[in-house]
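# A look at the structure
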Amino acid sequence: MAKKIIVGNWKLNPQSLEEAESIVKITSRKLPRTTTVVVCPPAVFLSHLALTKRKLPLRFGVQDVFPENSGAVTGEYGPKMARSAGADYAIIGHSERRAFGETNDTVNKKLKASLKAGLISILCAGEKERDHHGHYLSFLKAQIEESIEGVTRPLAEKLIVAYEPVWAIGEKSRGAMNPRDLHETSLFIRKVLHGHFGNKAFSVPLLYGGSVDPVNARVMIKEGNVEGLLVGRESLNAKHFLKIIEAAG
Ligand code: PGA
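Summary of the structure given here.

Quick notes on the rules
- Residues numbered from 1 in each chain as written.
- Predicted model: local features only at pLDDT ≥ 70, side-chain atom pairs only at ≥ 80, totals over all residues.
- Heavy atoms only, no water.
- Helix = DSSP H or I, 4+ residues; strand = E, 2+ residues; numbered from the N terminus.
- Rg over C-alpha atoms; globule rule 2.2 N^0.38 Å.
- Buried < 20%, exposed > 50% of the residue type's maximum accessible area, 1.4 Å probe, protein only.
- Contact = heavy atoms within 4.5 Å.
- Areas by Shrake-Rupley, 256 points an atom, 1.4 Å probe, with all protein chains shown as cover.
- Near = heavy atom within 4 Å.
- Polar contact = N/O pair within 3.5 Å; in protein donor to acceptor, adjacent residues only side chain to side chain.
- Nonpolar A, V, L, I, M, F, W, Y, C, P; charged D, E, K, R; others polar.
- Core = buried A, V, L, I, M, F, W, Y, C linked by side-chain atoms within 4.5 Å.
- Patch = residues over 30% accessible without salt bridge, like charges linked within 9 Å, V, L, I, M, F, W, Y side chains within 5 Å.
- Salt bridge = Lys/Arg side-chain N within 4 Å of Asp/Glu carboxyl O.
- Lys, Arg positive; Asp, Glu negative; His and termini not counted.
- Charge placed at Lys NZ, Arg CZ, Asp CG, Glu CD.
- 1 Å grid on protein atoms, 1.4 Å probe; cavity = no way out; pocket = protein on both sides within 12 Å on 5 of 7 lines; lining within 4 Å.
- Points joined across faces, edges and corners; volume = space filled by probe spheres on them.

### A few points about the overall build of the protein chain
The number of helices and strands found in the protein chain is nine helices and eight strands. For a compact globule of 249 residues, the expected C-alpha radius of gyration is about 18 Å, and the protein chain comes in at 17 Å, within 12% of that figure. Scored against the burial criterion, the 249 residues of the protein chain give a buried share of 53%. For the protein chain, restricting intrachain contacts to residue pairs at least 6 apart in sequence, the fraction spanning at least 24 positions comes to 72%. For the protein chain, the exposed area adds up to about 12100 Å²; of that, 53% sits on carbon and sulfur atoms.

### Observations concerning the site of the ligand
Lining the immediate environment of the ligand, one finds Asn9, Lys11, His94, Glu164, Ala168, Ile169, Gly170, Gly210, Ser211, Leu230, Gly232 and Arg233. Residue Gly170 places a main-chain N or O atom 2.8 Å away from an oxygen atom belonging to the ligand. Here the ligand loses 99% of its free accessible area of 280 Å² to cover by the protein chains. For the shell around the ligand, the per-class residue count stands at three nonpolar, six polar and three charged.

### Here we look at the nonpolar core
Formed by 62 residues in total, the largest nonpolar core has its most connected members in Ile6, Ile148, Leu159, Leu193, Tyr208 and Leu229. Examining the composition of this core, we find that seven residues originate from one element, helix α9 (residues 238-248), more than from any other. With near-sequence residues (within four places) excluded, Leu159 lies in contact with Leu111, Leu115, Ser121, Leu123, Ile148, Phe197, Val204 and Pro205.

### Topic: the side chain of Asn216
For Asn216, the location among the structural elements is in the loop between β7 (206-209) and α8 (217-224). When near neighbours in sequence (up to four residues on either side) are disregarded, Asn216 contacts Ala176 and Ser211.

### Points about a positive patch on the surface
A grouping of Lys25, Arg29, Lys239 and Lys243 is seen on the molecular surface, where their side chains present a positively charged patch. Relative to the assigned elements, Lys239 resides in helix α9.

### Some details on the layout of surface pockets
Reported here for the largest pocket is a volume of approximately 410 Å³. Looking at the largest pocket, it is lined by 14 residues, and the ones nearest its centre are Lys11, Leu12, Gln63, Asp64 and Arg97. Considered class by class, the residues forming the lining of the largest pocket number five nonpolar, four polar and five charged. Roughly 270 Å³ of internal volume is contained in the second largest pocket. Together, 13 residues line the second largest pocket, and Arg98, Ala99, Lys128, Phe139 and Gln143 are the ones closest to its centre. If you list the elements that add at least two residues to the lining of the second largest pocket, you get α4 (95-98) and α6 (135-148). Looking at the lining of the second largest pocket residue by residue, the class counts come to four nonpolar, five polar and four charged.

Right, here's the structure in full:
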């Protein structure tokens, strides 16, 4: 059976390197071998954490990358730099970045650059709202198809897709989605990926993200038909994050 994948997205937290080190220390205390655990800290903390924690059974990732590797671009970092700083993974097209104006076209460029640099790339997709007519399905289909355009089957070896309904993300959201609905949606996403990659689509891991916590983690994986979870808030609470990791295993 393939390893489950649990990814922690720290977003704009914590406020100091000391706190970041402490979360990593507690999180890595008893990690099961059956699960791949990835932590995505703010990029400014990445190289320190990745270099000093090299021996830990934990992988690191970035929350975004610029679609080019060099140039006169103030304030950005490219996928090759992220790799060199210790990242093995990259989150691409998170809804909070899309909210800053990132389009499917930008996400597509970032995804291809990230995959080409050898980063295991987690493409985020998800509708803002659900409607009774199923329009959200065409939205989701277009979002995924436009984001993976030009991604070849060999590049898809390192692709992960995270389904993150925007309405389920964050403190002010409606909370995690129903695992039965997740099951239906993950079948739908698989079908969309199959249309592009053929049978290769079956080896692209699917993650769920949106208000994952220690209580719902197991049911989301078991009944939701996904290979792992993308965790926001609860990945900053090392004890809760460990419980989520345990529940997934
Ligand atoms: P949340 O965030 O777990 O805090 O809802 C998930 C995410 O944005 O990836």
